[in-house]
Amino acid sequence: MCGIVGYVGSKSVAQVLLGGLARLEYRGYDSAGIAVIENGELNVVRRVGKLANLVNALEASPAEGVTGIGHTRWATHGRPSEGNAHPHADCSGRIAVVHNGIIENYIELRTELTTTGHVLSSETDTEVIAHLVESYYAGDLVEATSKAVARLEGSYALGVLHRDHPGEIVAARKDSPLIVGKGEGENIVASDIPAVLEYTREVIPLHDGQIALVSADAVRIFDEDGSEVAESETEIMHVEWDLEAAEKGGYEDFMLKEIYEQPKAIRETLRGRFVDGQVQLSELVMSEEEALALSRVFIIACGTSYHAGIVAKTLIEQWARMPVEVQVSSEFRYSDPIIDDETLVVAITQSGETADTLAGVREARERGAKVIAITNVVGSRVTREADGVLYTHAGPEIGVAATKTFTAQIAALTVLALKLAQVKGTLDDERTRYLWDEICVIPAAIETIFAEAPAIERCADEYYNSASMLFIGRGMGVPVAMEGALKLKEISYIHAEAYPAGEMKHGPIALITEESPVVAVTIQGHTYEKVVSNIQEVRARGAQVIAIATAGDADIKPHAEHVLPIPATPESLSAIPASVPLQLLAYYIAKKRDCNVDQPRNLAKSVTVE
Ligand code: G6P
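Thresholds applied
- Residues numbered from 1 in each chain as written.
- Predicted model: local features only at pLDDT ≥ 70, side-chain atom pairs only at ≥ 80, totals over all residues.
- Heavy atoms only, no water.
- Salt bridge = Lys/Arg side-chain N within 4 Å of Asp/Glu carboxyl O.
- Helix = DSSP H or I, 4+ residues; strand = E, 2+ residues; numbered from the N terminus.
- Buried < 20%, exposed > 50% of the residue type's maximum accessible area, 1.4 Å probe, protein only.
- Polar contact = N/O pair within 3.5 Å; in protein donor to acceptor, adjacent residues only side chain to side chain.
- Contact = heavy atoms within 4.5 Å.
- Near = heavy atom within 4 Å.
- Nonpolar A, V, L, I, M, F, W, Y, C, P; charged D, E, K, R; others polar.
- Core = buried A, V, L, I, M, F, W, Y, C linked by side-chain atoms within 4.5 Å.
- Pairing = 2+ DSSP bridges.
- Axes fitted to C-alpha atoms, helices over the stretch in contact; angles between N-to-C directions.
- Phe/Tyr/Trp six-rings, centres within 6.5 Å; stacked < 30°, edge-to-face > 60°.
- Lys NZ or Arg CZ within 6 Å of the ring centre and 35° of its normal.
- Parallel < 35°, antiparallel > 145°, perpendicular 65-115°, else oblique.
- Left-handed = near helix turned anticlockwise from the far one by under 90°.
- 1 Å grid on protein atoms, 1.4 Å probe; cavity = no way out; pocket = protein on both sides within 12 Å on 5 of 7 lines; lining within 4 Å.
- Points joined across faces, edges and corners; volume = space filled by probe spheres on them.

Engineer: Could you give an account of the pattern of salt bridges, with specific residues and numbers?
Structural biologist: The full count for this structure, using the stated rule, is 36 salt bridges. Of the charged contacts in the structure, one is a salt bridge between R23 and E247, with a shortest N-O distance of 2.6 Å. Linking R23 in helix α1 (residues 13-24) with E247 in the loop between β14 (237-238) and α6 (254-260), this pair joins segments that are 224 residues apart in sequence. Accessibility expressed as a relative area gives 15% for R23, which makes it buried. Residues R381 and D208 are paired through a salt bridge, measuring 2.5 Å at the closest nitrogen-oxygen approach. One end of the pair, R381, is in helix α12 (residues 381-385); the other, D208, is in the loop between β11 (202-205) and β12 (211-214), with 173 residues separating them in the sequence.

Laid out in structure tokens, this is it:
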């Protein structure tokens, strides 16, 4: 959802900005641009399309300087074009602005600005900010930015540059992520951590309403009321990831690397969560009595995180015997939800910045519910809004299609479900220990699935030209099928739908032809025979079937063209291993279609606008 970066220091600013943008490109890739202060003038270079186009332009005509800002765009207002690319400048060409977010009152501001003589040249909401700063500027860039942002409705993370302030960047945020990486004699502003890791692992997360004045040697932070935050009170976080974690490390794509990082991500997420037979979850931030008084759980999330939520519903209902509702955040926030102080709301968001999920968190808290967030990003917005935070420890996920964060979320939710069951007394110690032992062997189980990668690739060879694919399953197989279909459509652009297998005959079976393969999640469990019957129904209508099945299941072989095995796991824990072959299937199909798996068209990794 747009990435912004700003650099002040002694290195070649264009190179630092391009390096930062490359690490933020997952946030949007419609166009890119930079502005640097060069010989007392602003030099703005922008190009439509991927960052590579901007890199080429700067190779042909280098930009030099010590201060600059950059942007990679995911279009909201105005189509992708050079004129709509950031940075945007004011009338005088002295001020440049990069922005991530949406200015909801930009039409009103645009009218006001044009009436007072400003000439705006783009179709974007952002451009009004450059002109507002211009109109308020009287020598102090922080003051002008502060007055400008006070006029804005909506969300923003901003980088502001002024020709007459050559060693400074002003940064501001509200409802869009922004951090300042603190270096030695250099500082770097960015939308996300990977962009600063080459220079520093000390990071200041800006809070909503704050404005930062960033120079090479200092970061001064001002609260919304203009008062300066004392240096001793500035929160500096140390990032554990290193640069290597945010690079491809020999893999062809981030997505493939991240699929292979799943065993580690799950191990890290589970580490220290079970001690002397007790599930450790202080993040629940409530006493045993309060937890015991909980009557239900409401899970909110978007996209892949929503699918993790559906897995959790089954786990919590089965183990803790508590009713669970799961809703996509964009619906939840406007649904006048029935929740109260006996409801535990679980907000799942790998980025911690998804606008709809954040709005849902606020809505839930206003209604008296306790909110626990499950996120992968330390210091992200949701960590400040929720009552408790349960981190997944998956490391940075750069591929736009979520893989390791999904399975790490399920691991974290498994811990939560076990904890609730323990509090409610609905699982005995022996069963809890058995389940925990089984959870702990899942990472090793995934490693055995990787050995099947060549077979999965051969399967992709047969189906990569399909126009449409159906994914079916029952029970735990339903969210697995949903996530499998989402992965396929996200990265290969093949139409894919997921259905509970029993629903096929109520409509979707009409879609079945010889050209539409069916992926059936057929893991051993109490509905195994039912899914096999559903497979027979689709095969009778000409469908070719790819079955995800338990290793050693000989019975499934006559019913499927391809069998992709996963190690035997208790049914309740099968979602993680069953998802891995589907991630690889989507990956190989997309690669054979020459798709950019890390940066699929029209998508962005973190959706910070509604
Ligand atoms: C975007 C991403 C998805 C992700 C969803 C929710 O659509 O492309 O991969 O699942 O946002 O993101 P969150 O950060 O809230 O989990």
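Engineer: Now, about the side chain of S466: what can you tell me, with residues and values included?
Structural biologist: As for its placement among the helices and strands, S466 is situated in the loop between α16 (453-463) and β22 (468-473). Polar side-chain contacts of S466 include one of 2.8 Å to the backbone oxygen of Y463. Aside from chain neighbours lying at most four places away, what touches S466 is I494, E515, P517 and R593.

Engineer: Give me the lowdown on the site of the ligand, citing residues and values where you can.
Structural biologist: For the ligand, the set of nearby residues contains 13 residues, the closest of which are S305, T349, Q350, S351 and T354. One nitrogen or oxygen atom from the side chain of T354 is found 2.4 Å from an oxygen atom belonging to the ligand. Here V400 contributes a backbone N or O atom positioned 3.2 Å from an oxygen atom of the ligand. Residues of the shell around the ligand, tallied by class, amount to five nonpolar, seven polar and one charged.

Engineer: Kindly report on the nonpolar core, identifying the contributing residues and their values.
Structural biologist: Counting 90 residues, the largest nonpolar core has I316, V346 and L420 as its most contacted members. What V346 contacts, discounting residues up to four positions off in sequence, is V297, F298, I299, I300, I372, I374, L413 and L416. One finds V36, L51, L197 and I398 within the second-largest nonpolar core, a separate group that totals 35 residues.

Engineer: A description of the sheet that holds β22 should follow, citing residues and the corresponding values.
Structural biologist: The five strands are arranged β23-β22-β24-β25-β26 in an open sheet whose pairing can be described as parallel. Of all the strands in the sheet, just β23 (495-500) and β26 (562-566) have a single pairing partner and so form its edges. Strand-to-strand twist of the sheet, defined as the mean angle between neighbouring strand axes without regard to direction, takes the value 20 degrees. As defined by bridge partners, strand β24 (residues 518-522) adjoins strand β25 (residues 545-550) across five bridges and the pair is classed as parallel. What sits directly across from V519, in β25, is I546. Set on the sheet, helix α18 (residues 528-539) makes contact with β22, β24 and β25; between it and β24 the angle comes to about 165 degrees.

Engineer: An account of the packing of aromatic side chains is requested, with residue identities and associated values reported.
Structural biologist: Per the counting criterion, the structure on display carries six aromatic pairs. On the basis of an interplanar angle of 45 degrees and a centroid distance of 6.2 Å, the ring pair of Y7 and Y199 is categorised as tilted. Highlighted residues: Y7 in strand β1 (residues 3-8) and Y199 in the loop between β10 (187-190) and β11, separated in sequence by 192 residues. Among the residues examined, Y7 registers a relative accessible area of 0% and is labelled buried. Put simply, the rings of Y251, Y260 and F450 pair up and form one aromatic cluster. Looking at K50, its charged tip hangs above the ring of Y29, at a distance of 5.2 Å from the centre. Above the face of the Y493 ring, R601 is positioned so that its terminal group lies 3.8 Å from the ring centre.

Engineer: Outline the packing of helix α9 (residues 303-320) against helix α13 (residues 404-424), supporting the account with residue identities and numerical values.
Structural biologist: Between α9 and α13, whose axes approach to 9 Å, the crossing angle comes to 25 degrees. Relative to α13, the element α9 is oriented roughly parallel. Crossing angle aside, the handedness with which α9 passes α13 is right-handed. Contacts from T304, S305, H307, A308, G309, V311, A312, L315, I316, W319 and A320 in α9 reach F406, Q409, I410, L413, T414, A417, L418, L420, A421 and K424 in α13. Tallied by class, residues from the contact of α9 with α13 come to 14 nonpolar, six polar and one charged.

Engineer: Residues and numbers for empty space enclosed by the protein, please.
Structural biologist: Evaluation of the coordinates by the stated rule reveals four cavities of 30 Å³ or more. Empty space within the largest cavity amounts to approximately 290 Å³. Lining the largest cavity are 28 residues, and of these Y26, D192, I193, S351 and V377 lie nearest its centre. Of the residues belonging to the lining of the largest cavity, the class tally is 14 nonpolar, seven polar and seven charged. In this structure, the second largest cavity spans a volume of roughly 100 Å³. Along its surface, the second largest cavity is lined by 15 residues, and C2, W74, T76, G101 and D125 are the ones closest to its centre. With three residues, the top contributor of residues to the lining of the second largest cavity is strand β6 (residues 95-103). Grouping the constituent residues of the lining of the second largest cavity by class yields five nonpolar, eight polar and two charged.

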